[in-house]
Amino acid sequence: MKKKWAFLSSMLAFVLVLAGCEPLMVLDPKGPQAAQQASDIMLSIGIMSFIVIAVLTILVVILFKYRASNQPDDYEPPHIEGNKWVEALCIGIPVLIVAFLSFMSVKSNYIVESAPVGYENEEPLVVYASSSNWKWHFSYPEEGIETVNYLYIPTDRPLEFKLYSFGPITSFWIPQLGGQKYAMADMVTTLHLGADEPGEYVGRNANFSGKGFAENTFNVTAMSQTEFDEWVQEVHEKAEPLTEEKFDELLEPGHLGQMTFTGTHLEFSPAPEHTHNDVSEEGNDSEEESDHSGH
Amino acid sequence: MEFFERFAIPHPSPAIYASMVAIALVTIGIIAGLTYFKKWGYLWREWLTTVDHKKIGIMYLISALLMLFRGGVDAIMMRAQLSVPDAELLDAQHYNEIFTTHGVVMIIFMAMPFIFAFMNLLVPLQIGARDVAFPRLNALSFWLFFAGAMLFNISFVIGGSPDAGWTSYFPLAGNDFSQHVGTNYYMIAIQISGIGSLMTGINMCTTILKMRAPGMTLMKMPMFTWSAFIANLIIVFAFPVLTVALLMGTTDRLFATNFFTSDNGGMDMLWANFFWIWGHPEVYILILPAFGLYSEIIPTFSRRNLYGYKPMVWSMVLISFLSFLVWTHHFFTMGQGALTNSIFSITTMAIAVPTGVKIFNWLFTMYKGKIRFTVPMLYSVAFIPLFTVGGVTGVMLAMSAADYQYHNTMFLVAHFHNTIIPGVVFAMLAGLTYYWPKFFGFMLNEKIGKWAFWSLTIGFVLAFFPMYITGLDGQARRMYTYSEATGFGPLNMVSFIGAAIMAIGFVLILWNVFYSFKNSSREIGSDPWDARSLEWATHTPIPEYNFARLPHVNSSEAFWDAKMNGHQLFRGEYEEIHMPSSSGVPFIMGMIFFVAGFSFVFSLWIPAVIALLGIFFCMALRSFEKDDGYHISVEEIKETERKLGGAK
Ligand code: HEM
Ligand SMILES: [Cu+2]
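Residues numbered from 1 in each chain as written. Chains lettered and ligands numbered in written order. Predicted model: local features only at pLDDT ≥ 70, side-chain atom pairs only at ≥ 80, totals over all residues. Heavy atoms only, no water.

*Asks:* Got a minute to help me understand the coordination of the copper ion (ligand 2) in this structure?
*Replies:* In an ideal tetrahedron of four donors about a metal, each angle is 109.5 degrees. In an ideal octahedron of six donors, the angles are 90 or 180 degrees. All names here are of chain B. Within the protein, the copper ion (ligand 2) binds to His280 (ND1), His329 (NE2) and His330 (NE2); these donor distances fall in the range 1.8 to 2.0 Å. Counting along the primary sequence, the residues that act as donors to the copper ion (ligand 2) give the motif H-x48-H-H. Taken as an interatomic distance, the gap from the copper ion (ligand 2) to the iron atom of ligand 1 is 4.7 Å. Assessed through its relative accessible area of 15%, His329 is described here as buried. (Donors = N, O, S within 2.8 Å, 3.2 Å for Na, K, Ca; no water. Buried < 20%, exposed > 50% of the residue type's maximum accessible area, 1.4 Å probe, protein only.)

So this is what it looks like as structure tokens:
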């Protein structure tokens with residue numbers, strides 16, 4: 001029964017790591033959306049471990065009890081067609097589990113697709129995050145700032161990322177603040193995040209986009225609103241304005257370090273907000289400018 | 001010279017040059033060997049022109065094993081590159097090509113032929129038929145698969161391999177971002193073998209619906225045949241979507257049609273939708289025949305009938321239906337909003353219910369049984385808990401809000417390997433060991449088989465379970481390297497060790513074939529495992545006509561009833577048997593398809609047009625040809641039966 005031990009011990013190792021010797025990034029949330037997802041994940045791991053352990057137990061008992069070497073030579077197993085109660089149970093229990101998880105899933109969908117709970121009274125900060133091979137451009141239209149490969153954000157305030165791409169499909173992901181969403185060239189998607197602790201987080205493109213994909217990362221720094229305002233101030237004092245020429249240069253395939261500009265590329269190269277209608281806004285923020293005429 | 005430049009590798013390396021030399025040497029070796037041993041005639045008569053479902057099955061089997069090793073080498077290289085942070089074994093471009101070809105080879109050119117191998121070998125025997133409904137079409141299916149596989153496999157020495165992932169998402173796969181011909185190979189090679197798969201789907205459905213032995217109603221079919229029927233039904237509905245999508249992708253790349261581009265009215269999301277409308281049913285096309293094999297093996301070695309035959313059938317029917325309603329779960333993160341995600345989240349989880357029913361039925365099949373731990377049974381026993389883990393992680397992924405965190409990470413990679421390896425690959429290896437004596441006349445060595453089994457199982461757990469953890473720690477899939485600071489190093493090293501142990505397991509399986517060929521007894525009778533269904537009711541070796549007289553069937557385990565309850569399988573006198581005749585046309589058409597495919601890859605229009613005309617010519621020829629097959633006389637049948645040990 002070597003296999004079972006290998007299996008059990010690896011499950012154990014799994015649980016131990018989950019239990020937090022060294023917290024895994026996704027299970028170490030620093031914002032309400034990530035916290036919601038982490039709690040869903042822990043809940044489902046719990047229920048799923050129960051199922052796996054149940055199946056494993058039944059299996060081990062049956063194998064042990066009905067192995068040929070445990071039975072008389074002349075034992076002839078019976079013919080059993082099935083039993084409708086057993087079958088009802090085999091359908092009923094999974095149905096209940098799945099129904100419960102579906103309920104949780106639907107609930108969470110509406111939570112992660114709207115502004116984070118807890119900061120309802122704050123105005124969201126809108127950031128346009130666009131990718132190009134293999135960089136991230138962050139435009140802060142209200143602040144009139146653009147950065148490359150790094151992101152400054154205020155804590156305790158809803159963050160609304162408008163995602164799109166100047167190339168292949170990419171996926172904008174800051175694991176500790178919440179799950180990812182695609183950035184595409186022909187439409188803008190919206191990702192709602194929030195940070196409730198100041199700190200440095202890693203962000204990356206999670207969707208394969210060619211040669212430079214592995215290094216397609218960015219740094220995220222969360223800070224208080226006052227510090228954020230100071231930073232905005234400072235950028236306006238020190239940074240160069242972003243010109244169209246300069247921006248075209250930035251779009252060339254390759255890697256760049258971190259950069260800061262005043263002004264945003266949205267002025268001369270607007271986001272593809274009106275080419276396809278943005279269907280992602282059922283419910284909460286549909287009064288936004290999205291063009292529902294479609295085509 | 002300019003003409004030839006297109007065939008150069010855009011990104012060469014010593015490994016690729018070494019492979020070129022190796023391929024050349026092996027080809028020369030094969031040609032020289034065939035000539036020296038005067039085997040050309042044998043090869044042509046017995047294999048290249050055959051329409052016998054058993055031989056076609058064996059050719060699928062050999063191809064699948066070859067591709068398993070090709071894909072396995074890719075896998076080991078990837079795991080080696082990731083075993084330590086900042087490794088420099090492979091650069092980004094090579095890594096991208098390798099994971100792309102690994103995925104395509106394993107799904108399209110390993111798993112698919114493997115299931116087709118078993119369908120070909122088993123379905124006619126299990127339903128008591130002499131061949132499939134359209135034997136020549138069956139040969140054409142095989143040769144199209146083979147042409148596609150060869151075309152795909154030469155990509156890395158001629159022109160360069162595809163590098164946009166097995167999912168080949170546009171616009172990355174479009175001309176703007178994938179300039180070299182790699183993605184052309186992807187589009188065209190998969191197209192050619194996909195047409196073959198579609199034809200097999202039609203062929204098998206017809207066979208199962210029309211050619212069952214007297215007395216075999218649908219609800220008396222052996223479970224593998226049921227699974228093959230459902231899988232082929234899914235093929236018939238899913239593959240046309242792939243055909244169209246690949247065609248559109250091809251015209252985008254070759255004729256600038258802009259279906260999937262992000263400007264000029266194209267839509268990249270359309271490709272993702274098409275791909276997964278085929279892609280999700282595809283994973284069930286693979287897993288259902290695997291379920292079917294387990295449903296044959298577990299009863300045999302539990303010495304009991306399959307528990308809950310009806311729920312087993314209905315769960316497969318339900319799975320096939322649901323499998324078309326879940327594709328969006330592959331891109332919950334594309335921004336379709338909470339409502340759409342909720343719907344697909346629920347349909348996806350719903351699939352877990354019929355799957356769970358099957359797990360419980362296998363468990364209850366062993367209940368009150370008399371369990372023998374042979375190699376096929378060991379694989380089946382390991383499958384149950386390991387596949388359960390794969391299934392429940394699938395349910396976790398189906399929680400769409402949480403999937404925003406799992407998607408595109410190693411967690412996802414762990415999930416699908418956790419379903420495909422214990423699910424599909426173990427089933428194929430179990431089936432291989434189980435049916436080996438029926439088709440080759442000797443048993444595989446149990447001891448080496450067990451060593452291989454333990455290596456694969458332990459290797460699997462070590463290789464893939466750590467990925468659940470690194471995924472949750474933020475390791476994205478398809479990264480060719482990572483920095484030390486991420487902390488992914490140690491667990492990736494564990495994965496590498498696991499992969500190496502699995503590699504040993506696969507080598508042991510090869511060694512087992514070789515060893516058993518030399519040492520195993522040939523005196524094994526026709527039913528060495530004490531099995532239950534019809535395929536064991538004929539002789540070993542199986543005569544070309546399968547059954548001298550067609551069996552009469554009264555239950556899904558007719559052979560067991562014959563052995564235990566005195567059921568009379570074969571009744572009446574011998575009669576003349578009508579058989580289909582061999583034909584070289586399928587092979588020739590396969591080769592022309594290869595030429596056509598190659599010409600399209602490199603936009604060589606003149607040969608492409610000539611090859612297409614050749615294909616139509618072969619098809620036209622077929623409709624003018626008068627071929628009624630041939631007859632085996634009663635005397636010949638009696639003679640063969642006497643040699644094989646008399647009628648049962
Ligand atoms: C209980 C049944 C299952 C459920 C609920 C399930 C669910 C899922 C979900 C939600 C995803 C998408 C995750 C993502 O991209 O973020 C996925 C991916 C996948 N699953 Fe499953 N799955 C199940 C069974 C299977 C089986 C039986 C197979 C194969 C035989 C399989 C093979 C795959 C593959 C190949 C992928 C993704 C491939 C890729 O993106 O490259 N799954 N599954
Ligand atoms: Cu799927």
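*Asks:* What's the story with the packing of helix H15 (residues 446-472) of chain B against helix H16 (residues 489-519) of chain B in this structure? I'm lost.
*Replies:* Axes are the key here: two packed helices are described by the angle between their axes and the distance separating the axes. Residues and elements named next belong to chain B. Between H15 and H16, the shortest axis-to-axis distance is 7 Å and the interhelical angle comes to 160 degrees. Of the possible angle classes, the one that applies to H15 and H16 is roughly antiparallel. Considering how the two elements wind past one another, H15 and H16 form a crossing that is left-handed. Taken together, the residues of the contact of H15 with H16 sort by class into 21 nonpolar, 9 polar and no charged. (Axes fitted to C-alpha atoms, helices over the stretch in contact; angles between N-to-C directions. Helix = DSSP H or I, 4+ residues; strand = E, 2+ residues; numbered from the N terminus. Parallel < 35°, antiparallel > 145°, perpendicular 65-115°, else oblique. Left-handed = near helix turned anticlockwise from the far one by under 90°. Nonpolar A, V, L, I, M, F, W, Y, C, P; charged D, E, K, R; others polar.)

*Asks:* Looking at this structure, I do not really get the domain arrangement of chain A. What am I missing?
*Replies:* Put simply, an interface is often sized by how much accessible area is lost when its parts join up. Residues and elements named next belong to chain A. We note that the domain assignment places domain 1 (26-70 + 83-113) and domain 2 (125-282) within chain A. The C-alpha centroid of domain 2 is placed 37 Å from the C-alpha centroid of domain 1. Across the contact, 11 residues belong to domain 1 and 16 residues belong to domain 2. Three residues, Lys30, Gln33 and Glu113, lead the burial of domain 1 against domain 2; their summed loss comes to 54% of the area buried on that side. The tally of links from domain 1 across to domain 2 stands at 2 salt bridges. Residue Glu197 pairs with Lys30 through a salt bridge whose shortest N-O separation is 3.6 Å. At the junction of domain 1 with domain 2, the criterion picks out 7 residue pairs in polar contact (both at pLDDT 80 or more). Sorting elements by how many residues they give to the side of domain 1 that touches domain 2 places helix H2 (residues 32-66) first, with 4 residues. For the side of domain 1 that touches domain 2, the class distribution of residues is 5 nonpolar, 3 polar and 3 charged. (Domains from an automatic or database assignment. Contact = heavy atoms within 4.5 Å. Buried area = accessible area lost by both parts, 1.4 Å probe. Salt bridge = Lys/Arg side-chain N within 4 Å of Asp/Glu carboxyl O. Polar contact = N/O pair within 3.5 Å; in protein donor to acceptor, adjacent residues only side chain to side chain.)

*Asks:* Is there a simple way to explain the coordination of the iron atom of ligand 1 in this structure?
*Replies:* With respect to protein ligation, the iron atom of ligand 1 binds only His415 of chain B (NE2), at 2.2 Å. Mapped onto the elements of the fold, His415 of chain B is located in helix H14 (residues 410-440).

*Asks:* Sorry, what's going on with the packing of aromatic side chains here?
*Replies:* We describe a pair of aromatic rings using the distance from one ring centre to the other and the angle between the two ring planes. Residues and elements named next belong to chain B. Using the criterion set out here, one finds 86 aromatic pairs over all chains in the structure. Relative to Trp276, the ring of Trp166 lies with its centre 5.8 Å away and its plane at 90 degrees, an arrangement referred to as edge-to-face. Highlighted residues: Trp166 in the loop between helix H6 (135-154) and helix H7 (182-210) and Trp276 in helix H9 (residues 268-302), separated in sequence by 110 residues. Pair check on accessibility: Trp166 and Trp276 agree, each one buried. (Phe/Tyr/Trp six-rings, centres within 6.5 Å; stacked < 30°, edge-to-face > 60°.)

*Asks:* Sorry if this is basic, but what is going on with the site of ligand 1 here?
*Replies:* Residue and element names in this part refer to chain B. Taken together, 22 residues are adjacent to ligand 1, and Trp166, Asp403, His407, His415 and Arg477 come closest. Trp166 places a side-chain nitrogen or oxygen 2.8 Å from an oxygen atom of ligand 1. In this structure, Arg477 approaches ligand 1 through a side-chain N or O atom, which is 2.8 Å from an oxygen atom. Where the shell around ligand 1 is concerned, the elements lending two or more residues are H9, helix H12 (375-398) and H14. For the shell around ligand 1, the leading source of residues is H12, giving 6 residues. (Near = heavy atom within 4 Å.)

*Asks:* Looking at this structure, I do not really get a nonpolar patch on the surface. What am I missing?
*Replies:* All names here are of chain B. Nonpolar side chains collect at one region of the surface, where Val84, Leu462, Met493 and Ile497 lie side by side and expose about 270 Å² of accessible area between them. Position of Val84 among the secondary structure elements: in the loop between helix H4 (53-82) and helix H5 (92-126). On the accessibility criterion, Val84 (35% relative accessible area) is partly exposed. (Patch = residues over 30% accessible without salt bridge, like charges linked within 9 Å, V, L, I, M, F, W, Y side chains within 5 Å. Areas by Shrake-Rupley, 256 points an atom, 1.4 Å probe, with all protein chains shown as cover.)

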